[in-house]
Amino acid sequence: AIKVLIELIQTSKATTIMGLQIELQSAADLLKQHESEGISIASGCELFMRFVTRTALDRTDYETCKRRIIDRGEFFKEHSTRARTKIAELG
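Residues numbered from 1 in each chain as written. Predicted model: local features only at pLDDT ≥ 70, side-chain atom pairs only at ≥ 80, totals over all residues. Heavy atoms only, no water.

J.: Would you mind going over the confidence of the model for the chain in detail, with residue names and values included?
T.: Looking at the chain as a whole, the pLDDT averages 87, with 90% of positions reaching at least 70. Predicted confidence in the chain is weakest over helix 3 (residues 38-53), with a mean pLDDT of 85, and strongest over helix 1 (residues 2-11), with 94. (pLDDT = per-residue confidence, 0-100. Helix = DSSP H or I, 4+ residues; strand = E, 2+ residues; numbered from the N terminus.)

Here it is, written out as structure tokens:
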């Protein structure tokens, strides 16, 4: 789900942060509806949305802001993958 949301950001035609947030929320809502692991998808999407958009407003240029959101999304993806692996190892 996180990969899908990052790809959405990268290919988004939105021209404002608000437009991008609306697209992200719509995609997250769709993912939550169609995945069999509803709770983990829902929580992952919520955490992703909060993490990547938290610092979005500290930049005035949209493209710089979008790049920052993508970078934070990639960081979130890597961090959550490591955490999931660690949890599985510890059982």
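Next, the rest of the story.
J.: Quick rundown of the pattern of salt bridges? Include the residues and the values.
T.: In a structure, side chains of opposite charge can pair up when their charged atoms sit close to one another. Considering all chains together, one arrives at four salt bridges under this definition. We note a salt bridge from Asp71 to Arg67, for which the minimum N-O separation is 2.7 Å. On the criterion of helical spacing, the pair formed by Asp71 and Arg67 is a turn pair, its members being four residues apart in helix 4 (residues 62-90). Here Arg67 falls in the partly exposed class, since its relative accessible area comes to 44%. In this structure, Glu74 and Lys77 form a salt bridge, with 3.1 Å as the shortest nitrogen-oxygen distance. (Salt bridge = Lys/Arg side-chain N within 4 Å of Asp/Glu carboxyl O. Buried < 20%, exposed > 50% of the residue type's maximum accessible area, 1.4 Å probe, protein only.)

J.: Residue-level account of the packing of helix 1 against helix 4, with values.
T.: Where helix 1 contacts helix 4, the two axes come as close as 10 Å, and the packing angle between them is 165 degrees. Considered as vectors, helix 1 and helix 4 are oriented roughly antiparallel to each other. As for the relative orientation of helix 1 and helix 4, their crossing is left-handed in sense. Facing Ile2, Lys3, Ile6, Ile9 and Gln10 of helix 1, the residues of helix 4 in contact are Lys66, Ile69, Ile70, Gly73, Glu74, Phe76 and Lys77. (Axes fitted to C-alpha atoms, helices over the stretch in contact; angles between N-to-C directions. Parallel < 35°, antiparallel > 145°, perpendicular 65-115°, else oblique. Left-handed = near helix turned anticlockwise from the far one by under 90°. Contact = heavy atoms within 4.5 Å.)

J.: Provide a residue-level description of the nonpolar core, including the pertinent values.
T.: If you look at soluble globular proteins, the nonpolar side chains tend to sit buried side by side. Within the largest apolar cluster, 21 residues are counted, with the highest numbers of intra-cluster contacts made by Leu5, Ile9, Leu20, Leu24, Cys45, Phe48 and Ile69. For this core, the elements supplying multiple residues, two or more each, are helix 1, helix 2 (17-34), helix 3 and helix 4. Of all the elements, helix 2 adds the most residues to this core, at six residues. For Phe48, the residues in contact, after removing those within four places along its chain, are Ile2, Leu5, Ile6, Ile9, Leu24, Gly73 and Phe76. (Core = buried A, V, L, I, M, F, W, Y, C linked by side-chain atoms within 4.5 Å.)

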